Every structure is written in structure tokens, then in C-alpha cells.
Amino acid sequence: MKRISILAIAVLVIACISPAVTLTPTLEPPATPTLEPPATPTLEPPATPTPLPTPTPVPTNTPTRTPRPTATPTSTPAPPPTDTPVQVQVLCDVSVTLTGPAGDPAARNPQTNFLVDVRGAGAAQVAVECPGGERIILQQQGDFFGWEQRFFGGLAGLPQPGGTYTCIALDASGAPIPGAVDSDVYLGGYEPDPPTDVQAELTEGGILVTWAWPRVIPGAFDPVGSPCAGHYYISIDREGLGSVYAWAQQRNPLVEMSHLIPFRRQDFGPGDRGLPLEEMDDGVYHLFIQAASQAPEGTAGQRVECQARDPAQDVRFVIEGGQVRIEGP
């Protein structure tokens with residue numbers, strides 16, 4: 001019995017050992033081939049796409065933007081020097097106003113006038129340099145005659161005959177504006193008589209004014225001549241307030257010896273400026289006419305030379321309750 005038991009135990013031990021040995025070789029082979037191959041090919045491909053950062057074009061695009069900043073400074077300074085002189089327009093006119101009756105100009109009261117029209121400069125003031133070295137500053141008078149800016153001033157006495165007057169537009173700091181300069185020479189010797197026999201009549205359309213023809217000055221004052229030289233200037237001042245209406249248009253000079261001051265704005269002509277009669281407030285008004293001579297062509301002067309006015313010929317009228325009443329010269 002003991003032998004049989006020992007044999008049985010031996011058989012069991014062998015049986016237990018032999019299957020363990022058999023299972024070990026079966027599990028080894030599959031683990032080794034299955035894990036190794038996939039690991040190698042799967043990891044390699046991702047490593048190859050790394051060269052795709054070969055977007056060397058990206059550095060190429062960055063330098064393309066760099067030139068743009070360089071172009072901006074070049075284009076910014078260019079406009080100021082070229083544009084300013086082209087846009088600016090200055091017209092300087094030096095003349096004399098003689099106040100008094102027709103006849104000897106020396107018997108009339110003279111005043112030197114400085115009239116400067118400015119476009120496109122945005123001027124704050126205008127400086128006038130006189131031939132004697134005097135410097136006069138003119139203040140802006142508004143856009144009364146269709147210019148952007150109009151500057152006006154005066155001095156007692158006659159301008160210097162043959163003298164050059166230089167008008168310079170100034171900015172807000174008092175510095176000259178580039179290109180905003182013009183000059184005029186007062187000639188002297190072209191003084192017309194003032195209009196005489198001035199009459200005013202109230203009509204349905206407004207106030208009709210007529211006057212007598214002053215003497216002709218060849219080349220300087222001959223409004224109805226051919227070519228036309230000189231013109232008439234009409235203005236209405238309200239007592240205490242200054243000018244409210246004028247016909248003073250260089251491109252449409254008044255050359256006839258009559259003119260209608262319109263009641264309504266729709267009846268304004270090309271040279272009418274200011275208010276029609278129906279828009280004027282109640283008050284006392286003075287209407288006056290001047291004869292204006294011009295610098296003859298081919299001379300050093302330009303525009304107006306002399307304006308002549310006789311206050312005794314002024315027309316006084318009153319507006320009350322919207323009604324116009326002429327009280328005579």
C-alpha cells in the first residue's frame with residue numbers, strides 16, 4: 001500500500017509539473033511578436049511629419065509686411081509742401097477812397113484802403129507791409145462778398161504812389177502761411193468824380209436808384225466803354241450796425257447808371273450781396289454810390305485804384321413795421 005501511495009504521488013507530481021512546462025512555451029511566442037512590430041511602425045510615421053514645420057514661407061511673409069511701415073513716412077510729409085501753395089489764393093488790393101464833392105481830388109478827404117481776399121489758407125490775420133516800412137495787421141471781416149475770408153483795414157491819407165504793398169496771410173500763431181502772399185502797387189492819378197444827381201424811387205420790386213454819369217478817365221474809368229474800365233459800387237448801411245447790403249462783384253461789375261435794390265431774395269442778381277429789403281429789420285438806413293476806377297492794363301497796379309463818394313448824394317430811408325419809406329438824399 002505504501003508503494004502504491006508513493007507511485008500515485010509521483011504520478012501526480014509529474015502530471016502537475018509537465019502541464020506547467022507545456023503552458024509556458026505556448027504563452028511566450030505570442031507576446032513577443034505581437035507587441036514588437038506595431039510599436040516600431042506606429043511611432044516612426046509621426047516622427048516624419050515633424051519636417052512639415054518647413055513652412056519657411058512663414059518667415060517670408062513677415063518681411064513682406066516690413067516695407068509697409070517704410071512707405072507710410074514717405075507719403076505723409078509729401079502732401080503739406082505740394083498741396084498748400086496750390087489751394088491757397090490771396091488777392092491784395094490797395095486803393096484810396098476820396099470823400100467829397102466832384103471837382104478837384106485834392107479838395108476831397110482821402111483814406112487808404114487795404115482789402116485782402118483769402119481762399120484755402122485758414123488765415124487768422126493778414127499783415128500788410130507798406131513801402132515805408134510800416135506793418136499793418138488786418139482783421140477778418142467775414143464772408144460778405146462770396147470769399148472764404150475777407151480782411152479789411154484803412155489808414156488816413158493817400159497811399160504812396162508807385163509804392164508796393166505786400167499782403168501776407170498769417171496763421172493763428174502769427175506765422176506766415178506758405179504761398180499765401182500777394183502784392184499791389186498804388187499808381188495814383190486815376191481819381192474819378194463821385195456819382196451826382198442820385199435819385200431813389202420806391203417801386204413794386206424794391207428801391208430803384210439812378211445817377212448821373214461821371215467824367216471818363218481813359219483806361220481807368222469808362223464803365224460803358226469798350227473795353228469796359230471801372231464800375232460803380234452800391235452799399236446800404238444801417239445806422240449803428242454797418243453794411244447790410246452791397247453790389248460789389250468783380251466778375252459782374254455794375255456798369256449801368258441805375259440799379260434796383262430788391263425786396264425779395266429770389267430777385268437778387270449775380271452781384272447782390274447781403275439782405276434784401278424784406279429781410280432788413282426796422283431802422284434807419286443810408287444808401288450810397290461810389291465810382292471806382294481801376295488800374296489800367298499793362299501797369300503795375302491791379303484791381304481798384306480809387307473810389308469816389310459824395311455823402312451829400314446819399315439816400316436815407318426808414319423801415320418801420322416792415323414798410324419802407326424814402327426820406328431823400
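Just so we're clear, the structure is a prediction, and the values are computed from it rather than from any experiment.

S.K.: I would appreciate a short explanation of the overall build of the protein chain in the present structure.
M.R.: Within the protein chain one finds four helices and 17 strands. A separation of at least 24 residues holds for 62% of the contacts in the protein chain among residues at least 6 apart in sequence. On the protein chain, roughly 18,400 Å² of surface is accessible, and the fraction owed to carbon and sulfur atoms is 61%.

S.K.: Help me understand the state of the cysteines, please; the structure alone is not making it clear to me.
M.R.: Cysteine pairs can be covalently joined through their sulfur atoms, and such a bond is termed a disulfide. Counted by the stated rule, this structure contains one disulfide. A disulfide bridge connects Cys92 with Cys167, and the sulfur atoms are separated by 2.2 Å. One end of the pair, Cys92, is in strand β1 (residues 89–99); the other, Cys167, is in strand β6 (residues 164–170), and 75 residues separate them in sequence. Taken individually, Cys92 and Cys167 each receive the classification buried, so the pair is uniform in this respect.

S.K.: So what exactly am I meant to see when it comes to the sheet that holds strand β8 (residues 196–202) here?
M.R.: Whenever strands of a sheet pair, they do so through backbone hydrogen bonds, lying parallel or antiparallel. Judged by pairing direction, the sheet is antiparallel, and its three strands sit side by side in the order β8-β9-β12 without closing on themselves. One side of each edge strand has no neighbouring strand; the edge strands of this open sheet are β8 and β12 (258–262). Across the sheet, the mean angle separating the axes of adjacent strands is 20° when strand polarity is ignored. Bridge analysis of β8 against strand β9 (residues 206–212) gives five bridges, and the strand direction is antiparallel. Bridge assignment links Gln199 to a residue of β9, and that residue is Thr210.

S.K.: Would you mind showing me how to read unusual backbone geometry here?
M.R.: With glycine set apart, most residues show a phi of negative sign, and most peptide bonds adopt trans. Note the cis peptide between Ser226 and Pro227, where omega equals 5°. Within the secondary structure, Pro227 sits in the loop between β9 and β10 (231–238).

S.K.: Please clarify how a nonpolar patch on the surface should be interpreted in this entry.
M.R.: Taken together, the side chains of Trp213, Val216 and Val224 define a hydrophobic patch exposed on the protein surface, amounting to about 270 Å² of accessible area. Mapped onto the elements, Val224 comes out in the loop between β9 and β10.

S.K.: What is the right way to read the pattern of salt bridges from this model?
M.R.: Pairs may arise between side chains of opposite charge once their charged atoms sit close together. For the structure on display, the rule yields twelve salt bridges. In this structure, Arg108 and Asp193 form a salt bridge, with 3.4 Å as the shortest nitrogen-oxygen distance. Of this pair, Arg108 sits in the loop between β1 and β2 (109–119) while Asp193 is found in the loop between β7 (176–185) and β8, placing the two residues 85 residues apart along the sequence. With its nearest N and O atoms 2.8 Å apart, the salt bridge here joins Glu279 to Arg265. Separated by 14 residues along the polypeptide, Glu279 in the loop between β13 (272–274) and β14 (283–294) and Arg265 in the loop between β12 and β13 bring together distant segments of the chain. A relative accessible area of 37% means that Arg265 is categorised as partly exposed.

S.K.: How should the pairing of strand β11 (residues 242–247) be read in this particular structure?
M.R.: Sheet faces and side chains relate simply in a regular strand, where the side chains alternate between the two faces. In the sheet, β10 pairs with β11 via five bridges, with the strands oriented antiparallel. Paired with Ile234 across the strands is Trp247, a residue of β11. The turn joining β10 and β11, which pair antiparallel and follow one another in sequence, is formed by three residues; a positive phi near 85° is taken by Gly240. Sheet analysis places β11 next to β13, joined by three bridges and oriented antiparallel. Bridged to Trp247 within β13 is Asp272.

S.K.: Explain the side chain of Arg150 to me, please; I cannot follow it from the model alone.
M.R.: With respect to the element layout, Arg150 can be found in strand β5 (residues 149–156). A residue is classified by how much of its surface remains accessible, and Arg150, at 13% relative accessible area, is buried. Side chain to side chain, Arg150 and Asp117 meet in a polar contact 2.7 Å long.

S.K.: Sorry if this is basic, but what is going on with the environment of Met257 here?
M.R.: Here Met257 lies in the loop between β11 and β12. Sequence separation between Met257 and Trp213 is 44 residues, and the spatial gap between their C-alpha atoms is 6.8 Å.

S.K.: For this particular structure, what's the right way to read the confidence of the model for the protein chain?
M.R.: Detailed conclusions should not be drawn from predicted coordinates in areas where pLDDT is low. Per-residue confidence for the protein chain gives a mean pLDDT of 77; residues scoring 70 or more make up 70%. Mean pLDDT values over the elements of the protein chain span from 35, in helix α3 (residues 67–75), up to 96, in strand β16 (residues 315–320). Predicted confidence is poor over residues 1–86, with pLDDT under 50, and the contacts of this stretch with residues over four places away or in other chains come to six contacts.

S.K.: Any chance you could explain the nonpolar core here in plain terms?
M.R.: If you look at soluble globular proteins, the nonpolar side chains tend to sit buried side by side. Ranked by size, the top nonpolar core spans 27 residues in total, and within it Ile236, Tyr245, Ile261, Leu287 and Phe317 carry the most contacts. Only β9, β10, β11, β14 and β16 provide two or more residues apiece to this core. For this core, the leading source of residues is β14, giving four residues. Setting aside residues up to four positions removed in sequence, Phe317 forms contacts with Ile207, Ile236, Leu277, Gly283, Val284, Tyr285, Leu287, Val324, Arg325, Ile326 and Glu327. Val128, Phe151, Cys167 and Tyr186 belong to the second largest nonpolar core, which has 24 residues in total.

So, how was this worked out
- Residues numbered from 1 in each chain as written.
- Predicted model: local features only at pLDDT ≥ 70, side-chain atom pairs only at ≥ 80, totals over all residues.
- Heavy atoms only, no water.
- Helix = DSSP H or I, 4+ residues; strand = E, 2+ residues; numbered from the N terminus.
- Contact = heavy atoms within 4.5 Å.
- Areas by Shrake-Rupley, 256 points an atom, 1.4 Å probe, with all protein chains shown as cover.
- Disulfide = S-S within 2.5 Å.
- Buried < 20%, exposed > 50% of the residue type's maximum accessible area, 1.4 Å probe, protein only.
- Pairing = 2+ DSSP bridges.
- Axes fitted to C-alpha atoms, helices over the stretch in contact; angles between N-to-C directions.
- Patch = residues over 30% accessible without salt bridge, like charges linked within 9 Å, V, L, I, M, F, W, Y side chains within 5 Å.
- Salt bridge = Lys/Arg side-chain N within 4 Å of Asp/Glu carboxyl O.
- Polar contact = N/O pair within 3.5 Å; in protein donor to acceptor, adjacent residues only side chain to side chain.
- pLDDT = per-residue confidence, 0-100.
- Core = buried A, V, L, I, M, F, W, Y, C linked by side-chain atoms within 4.5 Å.

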